[in-house]
Amino acid sequence: MKTLLLLIASLIIPLGSIHAETIDITVNGMVCSFCAQGIEKKIKKIGAVSTITVDMDTKVVTIITKDKQTIPDETLRKIIVDSGFAIKDITHRE
């Protein structure tokens, strides 16, 4: 399912976003779709976010940034912790 969501996300990202960054955040305590929607809603407010998906099976939030933009870990950590969840891991990739 995660692979399918990432494939779909990659197809809707503008071609100019070749240098976008992908951030995977493993979130502890996310147990329902309401939890996922809350996190997704708050992270979408960050201007650098192009696409966000939440995989409830793996508890991973995947963010794709806009072209040549990044989001500091501290920003993501604050949003998720302030929402009542814990972060297990944050991984950045291009």
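Residues numbered from 1 in each chain as written. Predicted model: local features only at pLDDT ≥ 70, side-chain atom pairs only at ≥ 80, totals over all residues. Heavy atoms only, no water.

### A look at the overall build of the protein chain
Here comes step 1: Looking only at helices and strands, the protein chain has three helices and four strands in total.
Here comes step 2: Listing each helix as α and each strand as β along the protein chain from the N terminus yields α-β-α-β-β-α-β.
Here comes step 3: When each of the 94 residues of the protein chain is scored for burial, the buried share is 38%.
Here comes step 4: Within the protein chain, contacts between residues separated by at least 24 positions form 65% of all contacts whose residues are at least 6 apart in sequence.
Here comes step 5: Only carbon and sulfur atoms are counted for the fraction: they give 59% of the accessible area of the protein chain, which is about 5700 Å². (Helix = DSSP H or I, 4+ residues; strand = E, 2+ residues; numbered from the N terminus. Buried < 20%, exposed > 50% of the residue type's maximum accessible area, 1.4 Å probe, protein only. Contact = heavy atoms within 4.5 Å. Areas by Shrake-Rupley, 256 points an atom, 1.4 Å probe, with all protein chains shown as cover.)

### With respect to the sheet that holds strand S3 (residues 60-65)
Here comes step 1: Taken in spatial order, the four strands of this open sheet run S2-S3-S1-S4, and their pairing is antiparallel. One side of each edge strand has no neighbouring strand; the edge strands of this open sheet are strand S2 (49-55) and strand S4 (86-93). Between one strand axis and the next, the sheet turns through 15° on average, direction left out of account.
Here comes step 2: Relative to S3, S2 runs antiparallel, the two sharing six bridges. Its bridge partner lying in S3, Thr53 is registered against Thr62.
Here comes step 3: Of the strands in this sheet, strand S1 (22-28), S2 and S3 are in contact with helix H2 (residues 33-44), which crosses S2 at around 170°.
Here comes step 4: Of the strands in this sheet, S1, S3 and S4 touch helix H3 (residues 73-82), which is tilted by about 150° from S4. (Pairing = 2+ DSSP bridges. Axes fitted to C-alpha atoms, helices over the stretch in contact; angles between N-to-C directions.)

### Focus on the pattern of salt bridges
Here comes step 1: Evaluation of the coordinates by the stated rule reveals three salt bridges.
Here comes step 2: Between Asp82 and Lys78 there is a salt bridge, with its nearest N and O atoms 2.6 Å apart. Taken together, the positions of Asp82 and Lys78, both in helix H3 and four residues apart, correspond to about one turn of that helix.
Here comes step 3: Accessibility expressed as a relative area gives 53% for Lys78, which makes it exposed. (Salt bridge = Lys/Arg side-chain N within 4 Å of Asp/Glu carboxyl O.)

### Some words on the state of the cysteines
Disulfides are covalent bonds that connect the sulfur atoms of two cysteines.
Here comes step 1: Counted according to the given criterion, the structure contains zero disulfides.
Here comes step 2: Residue Cys35 stays outside any disulfide, its sulfur separated by 3.3 Å from that of Cys32, the closest cysteine. (Disulfide = S-S within 2.5 Å.)

### Quick word on H3
Here comes step 1: Considered for burial, the residues of H3 that qualify are Leu76, Ile79 and Ile80. When H3 is viewed along its axis, its buried side chains cluster within an angular range of 90° and face the same direction. The exposed set on the far side of H3, more than 90 degrees from its buried face, consists of Glu74, Lys78 and Asp82.
Here comes step 2: Buried-residue contacts for H3 involve S1, H2, S3 and S4. (Arc of directions from axis to C-beta.)

By themselves, these observations are geometric and do not establish any function.
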